[in-house]
Amino acid sequence: GSVKSGAKVVVIDPGHGGADPGAVGIGGLQEKRIVLDVATQVHDLLRRQGINAVLTRTNDREVDLPPRVAKAEGVNADVFVSLHANAISLSRPDINGLETYYYATGYRLAKSIHSSIRSTGSVADRGIRQARFYLLRKSSMPAVLVELGFTTGRIDAAKLKTAAHRKRLAEAIARGITTYLQEP
Ligand code: ZN
């Protein structure tokens, strides 16, 4: 889409894609599909609010990590938000919940998005955590990686496969980003 001058630039990164499904959970639930749907909705919601949102992939294709960071750097993003869904083991359906990761400068962004999702009351809290993930280390702007829930979790998987829950997550993420951008 078009780029408004002066608009904030937000890069939304749906993890995995193509031959890389990411986490595969209960009933074959695939991370790459969940995050593409949520990311596309976040992108559309932000665009409607005049924010210059950009996706690192818009369809089911594989993208390596370096080009995802390059995209964020190339458009001079104000923030970078990578979306993922977790997996542990099909023998641990009891493990469910939201995790938000940051590395250096993304803590306030992580807190804003994490709190916004938590406020929907739709996912358990596994905390805001610091991690040396490639995407977080290599991005020069505040960057976070959100694990929206466990594809292997009984509670999360049942929700993640519904369009209503994915919409609720997208709205909460968009709200978390706009709140962050509006803070002084
Ligand atoms: Zn992932």
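So, how was this worked out
Residues numbered from 1 in each chain as written. Predicted model: local features only at pLDDT ≥ 70, side-chain atom pairs only at ≥ 80, totals over all residues. Heavy atoms only, no water. Pairing = 2+ DSSP bridges. Helix = DSSP H or I, 4+ residues; strand = E, 2+ residues; numbered from the N terminus. Axes fitted to C-alpha atoms, helices over the stretch in contact; angles between N-to-C directions. Contact = heavy atoms within 4.5 Å. Buried < 20%, exposed > 50% of the residue type's maximum accessible area, 1.4 Å probe, protein only. Arc of directions from axis to C-beta. Salt bridge = Lys/Arg side-chain N within 4 Å of Asp/Glu carboxyl O.

**Q** Please clarify how the sheet that holds strand E5 (residues 125-130) should be interpreted in this entry.
**A** Paired through backbone hydrogen bonds, the strands of a sheet run either parallel or antiparallel to each other. Taking strand neighbours across the sheet as the criterion, the 6 strands line up as E2-E1-E3-E6-E4-E5 in an open arrangement whose pairing is mixed. Two strands bound the open sheet, and with one partner strand each, they are strand E2 (52-55) and E5. Strand-to-strand twist across the sheet, computed as the mean angle between neighbouring axes with direction ignored, equals 20 degrees. Sheet topology note: the strand E4 (residues 98-102)/E5 ladder contains 4 bridges and is parallel. Each bridged residue has a counterpart across the sheet, and for leucine 98 the counterpart in E5 is aspartate 125. Packed onto the sheet, helix H2 (residues 65-74) meets strand E1 (9-14), E2 and strand E3 (79-86) and runs at close to 165 degrees relative to E1. With respect to the sheet, helix H6 (residues 163-182) is in contact with E1, E3 and strand E6 (143-150), its orientation differing from that of E3 by roughly 150 degrees.

**Q** Looking at this model, I keep getting lost on H2. Mind explaining?
**A** Residues spaced three or four apart along an α-helix face the same direction, because each turn holds 3.6 residues. Within H2, burial applies to Arg68, Val69 and Ala72. On an axial view of H2, the arc spanned by its buried residues comes to 95 degrees, and they lie on one face. Buried residues along H2 sit against E1, E3 and helix H4 (134-138). Asparagine 76 sits one or two residues past H2 and shows a positive phi near 55 degrees.

**Q** What's the story with the pattern of salt bridges in this structure? I'm lost.
**A** Side chains that differ in sign of charge can pair as their charged atoms come close. All chains considered together, the criterion is met by 9 salt bridges. In this structure, aspartate 60 engages lysine 32 in a salt bridge whose closest nitrogen and oxygen atoms are separated by 3.1 Å. A residue pair is termed long-range when its members are at least 10 positions apart, and aspartate 60 in the loop between E2 and H2 and lysine 32 in helix H1 (residues 31-48) qualify at 28 residues. When its relative accessible area of 41% is taken as the criterion, aspartate 60 is described as partly exposed. In this structure lysine 32 comes out as buried when scored by relative accessible area, which is 7%. Among the ionic pairs, glutamate 99 bridges to arginine 129, the shortest N-O distance being 3.7 Å. One end of the pair, glutamate 99, is in strand E4; the other, arginine 129, is in strand E5, with 30 residues separating them in the sequence. Look at glutamate 99 and you get buried, because its relative accessible area is 3%. Relative accessible area serves as the criterion here: at 32%, arginine 129 is assigned to the partly exposed category.

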